[in-house]
Amino acid sequence: MGDRQTDGIRTVCRFMNLSIAPTFLCAVILTAVASSPPLGADDNAAAKVESDEVRKITAVALNYCRASLHRIRQTPEKHIFHEEQLRILNNLDLNRIEDPEVITLYKSILDEISQVQISERERVVIDEQFRRNTHRQLSTSFFVVGAQVVTGQLGGAIQSGANSWWDFRNQQVRRDSDSWKVEKSEFTGLMTRSSAFLDSFWRLSRKNDIPDRWLIRDVDLDQMTRALAERDATQRLRMLSRMERFMECYPPYWYYVARTQQQLGLIPEATKTYERLSDIGSGHFRQDDMLASSMANLALLQEEQGLPEAADTAMRVMDYSIRNWESNLICAWVLGRHQRFDDAEELILCNLDEDQEAGQSRIALASLYYHSENKSRLAELLSDEQVVRGVPIPGLLLCARMLGADAVPPQTQQYLASTLSASIRRTSQGAAVTLSVAAAWKLRDARPEVTAGQSTLRTVRYRPGPGGLQADFLTEHAGTEDGSNESEDIRVTLNYPGTPAIHIRLEAPKVQPDDRGFLATNRPFSSSNISPRLSLFPKDDVRYHISEIELDGVRLSFRDNVIIDARGDGTDKELSAEDAATRS
């Protein structure tokens, strides 16, 4: 015990009219004080933790500003100004910065950037360029209408995960036009302000007692840019790892490390890095695309490892941003696997309401309604022609099986009727059949079986066709001269992995005689105007159309007049496209 503490206790004893000599009471007081911890130790520890947290928040904000200004100074083009202002500078949550001097200087930079004249037309072009850069086909393995995919079957989709704007930020986009350059007068004012910010950078850090290792420098940013340009992921991770000492308070660094680990299949390591990023990166932006993407990837990795918290992690994406379409869809997939269908639906609808990758989002929504067995919403969805045209046809047929033939919306039936047709002709080797198939059938994923009458045909080739593929099939043996091997229908069976066989019957159009008993036609007489079975002449191609589709006991008939009319319109367009292709 110190001399000051002893003297203080003696003073208390005198005040209480006790003897200076050791008494029992003094002994008790001395013992209690000696054995107790120093007053306010817990408070001091808590205050230190709080102080460190405040300093880290300030360091992160300063690092974001420095990185943004560094990119603007290196590439003074309007699309860079627009991106940095929208995604970083005008998106920072200033309420977390307690130093008024930092905020004042920061706002002055924003004022200068706002002086750069970007017309509405240029903004539209910039936004459209961003959409094109960030568009990619998210693995359809996530959203299939059929058997639920287990994570082990996703393959590279787990390692690819969800991208964000930060994955494209370091890509160099070259503009040929000088119109994208910022005017010298506008750029000079910004550089003056940014130079003042950079000059104050270290003074502000010392004022806030921020350690040097928490702050990034331009050389660190250049080094990270070189590392991210490395295509070899293993080498990229090594290069990033060497930079860790000065990147502790720069969240994008941890994002890039986690994305690289994920790409390499280092699942546990990437999981820990995403968790660390969440701790240090949360709360700095009002709309944080990077953290939203991180939560989507973290949820995906947790689902891969069978961790029960995957669904809760997926829900956190809405705490950060709902404008990242990939994150929304991946989190919806995770939530759907945990039977949280309403939450999954909300994330998908965010994409559709904001027109973010509507095509892929419609497929996701149809898949969700199918797996949740929400028949009423599924039928409503399949009444929208845009939705119907976006869903792969094998998935549409599975939806039809769930709804039942009578409940399939007319829009879906009319679309299906127009997506496949066939032509049959005689060759020296026998009957030849050509299927004209819409791309939505995904014919290359199927194993087709085609029969014409009693003849089984073999696949010869696939070739591009109007709106999809054309597949040629040929019999093994030549038929008879009188056409007795020919039938009034063609039967096609498509076998897709994990889906019941799809049986399709195609028929030639029936030609009805007029009042005089003649066949109604505006064409010169040819065998294509009469039933194939009656023809004794060499024939032109005869066009066949879908008459029915059967899947797992559910049969859709396309003999209704409305269906035939819709199908006829589609066929005319297809024939016109073929004629145009032939002429070219």
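The sections below set out a description of the structure shown in this document. (Residues numbered from 1 in each chain as written. Predicted model: local features only at pLDDT ≥ 70, side-chain atom pairs only at ≥ 80, totals over all residues. Heavy atoms only, no water.)

Observations concerning the overall build of the protein
Applied cut-off: Numbering of helices and strands runs from the N terminus; a helix is a DSSP stretch of H or I covering at least four residues, while a strand is a stretch of E covering at least two. A simple rule labels every residue: compare its accessible area, found with a 1.4 Å probe on the protein chains alone, to the largest value its type can have, and call it buried under 20%, exposed over 50%, or partly exposed in between. Working rule for contacts: check all heavy atoms of both residues, and any pair within 4.5 Å makes them a contact.
On a plain count of helices and strands, the protein comes out with 24 helices and 9 strands. By residue count, 48% of the 584 residues in the protein fall in the buried class. For the protein, long-range pairs separated by at least 24 residues make up 68% of all intrachain contacts whose partners lie at least 6 apart in sequence.

As for helix 18 (residues 341-353)
To keep it simple, the criterion reads: A helix is expected to reach a length of 1.5 Å times the quantity of its residues less one.
The first and last C-alpha atoms of helix 18 sit 18 Å apart over 13 residues, in line with the 18 Å expected at 1.5 Å per residue. The secondary structure elements touched by the buried residues of helix 18 are helix 16 (317-320), helix 17 (325-337), helix 19 (358-371) and helix 20 (375-381).

Brief notes about the pattern of salt bridges
Stated formally: Any carboxyl oxygen of Asp or Glu that lies within 4 Å of a side-chain nitrogen of Lys or Arg is treated as forming a salt bridge with it.
If you walk through the whole model with that rule in mind, you get 21 salt bridges. Here Arg217 and Asp212 are joined by a salt bridge, their closest N and O atoms 3.1 Å apart. Across the pair Glu248 and Arg213 runs a salt bridge, and its minimum N-O distance is 3.8 Å. With a gap of 35 residues between them, Glu248 in the loop between helix 11 (233-241) and helix 12 (251-263) and Arg213 in the loop between helix 9 (184-207) and helix 10 (218-228) connect regions that are remote in the sequence.

Section: the pairing of strand 8 (residues 542-551)
Quick reminder of the rule: Think of it this way: DSSP has to see at least two bridges between two strands before they count as a pair.
Counting buried residues in strand 8 gives 10 out of 10 residues, a clear majority hidden from the surface. Judged from the 6 bridges that link them, strand 7 (residues 502-507) and strand 8 form a sheet pairing that is antiparallel. What sits directly across from Glu507, in strand 8, is His545. Counted between consecutive antiparallel strands, the loop separating strand 8 from strand 9 (residues 554-557) contains 2 residues, among which Asp552 sits at a positive phi close to 50°.

Description of a negative patch on the surface
Filter applied, for reference: Surface patches are drawn from residues lacking salt bridges whose relative accessible area is over 30%; two like charges belong together within 9 Å, two nonpolar side chains (Val, Leu, Ile, Met, Phe, Trp, Tyr) within 5 Å. Here the open area of atoms and residues is found with the Shrake-Rupley method and a 1.4 Å probe, where only the protein chains shown may cover a residue. Counted as positive: Lys and Arg. Counted as negative: Asp and Glu, with His and the chain ends omitted from the count. Charge placement uses NZ in Lys and CZ in Arg. For Asp and Glu, CG and CD serve respectively.
The grouping of Glu346, Asp353, Glu354 and Asp355 at the surface amounts to a negative patch. By the secondary structure assignment, Asp355 is in the loop between helix 18 and helix 19.

Examining the nonpolar core
Put simply, the test is: In this description, a nonpolar core means a group of buried Ala, Val, Leu, Ile, Met, Phe, Trp, Tyr and Cys residues linked to one another through side-chain atoms lying within 4.5 Å.
Counting 121 residues, the largest nonpolar core has Tyr250, Val433, Leu435, Trp441 and Ile504 as its most contacted members. Per element, the largest residue contribution to this core is 9 residues, and it comes from helix 14 (residues 289-304).

Observations concerning the environment of Leu506
Of note, Leu506 is situated in strand 7. Distance in space between the C-alpha atoms of Leu506 and Ser421 is 7.3 Å, their sequence separation being 85 residues.

With respect to unusual backbone geometry
The phi dihedral of Asp355 falls on the positive side, at around 55°, and the residue is not glycine. Positioned with a positive phi, Lys442 is a non-glycine residue whose angle comes to about 50°. Here Lys442 is to be found in the loop between strand 2 (430-438) and strand 3 (447-452). Judged by its relative accessible area of 37%, Lys442 is partly exposed.

A look at the environment of Tyr370
With respect to the secondary-structure elements, Tyr370 resides in helix 19. The spatial distance from the C-alpha of Tyr370 to the C-alpha of Leu396 is 9.9 Å, given a sequence separation of 26 residues.

A few points about the side chain of His70
The cut-off we apply is this: N or O atoms closer than or at 3.5 Å make up a polar contact, with two conditions inside protein: a donor-capable atom paired with an acceptor-capable one, and, for residues adjacent in sequence, both atoms drawn from side chains.
Within the fold, His70 resides in helix 3 (residues 41-74). Given the relative accessible area of 11%, His70 is considered buried. A distance of 3.4 Å separates the side chain of His70 from the side chain of Asp218, its partner in a polar contact. At 2.8 Å, the side chain of His70 and the side chain of Asp222 are in polar contact. Excluding residues within four positions of it along the chain, His70 makes contact with Asp218, Leu221 and Asp222.

Looking at the packing of helix 11 against helix 12
Threshold: Each axis is a line fitted through C-alpha atoms, taken for helices only over the stretch in contact, and angles between the N-to-C directions span 0 to 180 degrees. Note on angle classes: values under 35 degrees are labelled roughly parallel, values over 145 roughly antiparallel, values of 65 to 115 roughly perpendicular, and the remainder oblique. Left-handed describes a crossing in which the near helix is turned anticlockwise from the far one by less than a right angle; the clockwise case is right-handed. Residues were grouped as follows: Ala, Val, Leu, Ile, Met, Phe, Trp, Tyr, Cys and Pro as nonpolar; Asp, Glu, Lys and Arg as charged; and all remaining residues, including Gly, as polar.
Put simply, helix 11 and helix 12 touch, their axes get as near as 10 Å, and they point 150° apart. Judged by the angle between their axes, helix 11 and helix 12 are roughly antiparallel. Two packed elements cross with a definite hand, and for helix 11 against helix 12 that hand is left-handed. Contact with helix 11, carried on its side by Ala233, Arg236, Leu237, Leu240 and Ser241, involves Tyr253, Tyr256, Val257, Thr260, Gln261 and Gln263 of helix 12 and no other residues of that element. A breakdown of the residues in the contact of helix 11 with helix 12 according to their chemical character gives 6 nonpolar, 4 polar and 1 charged.

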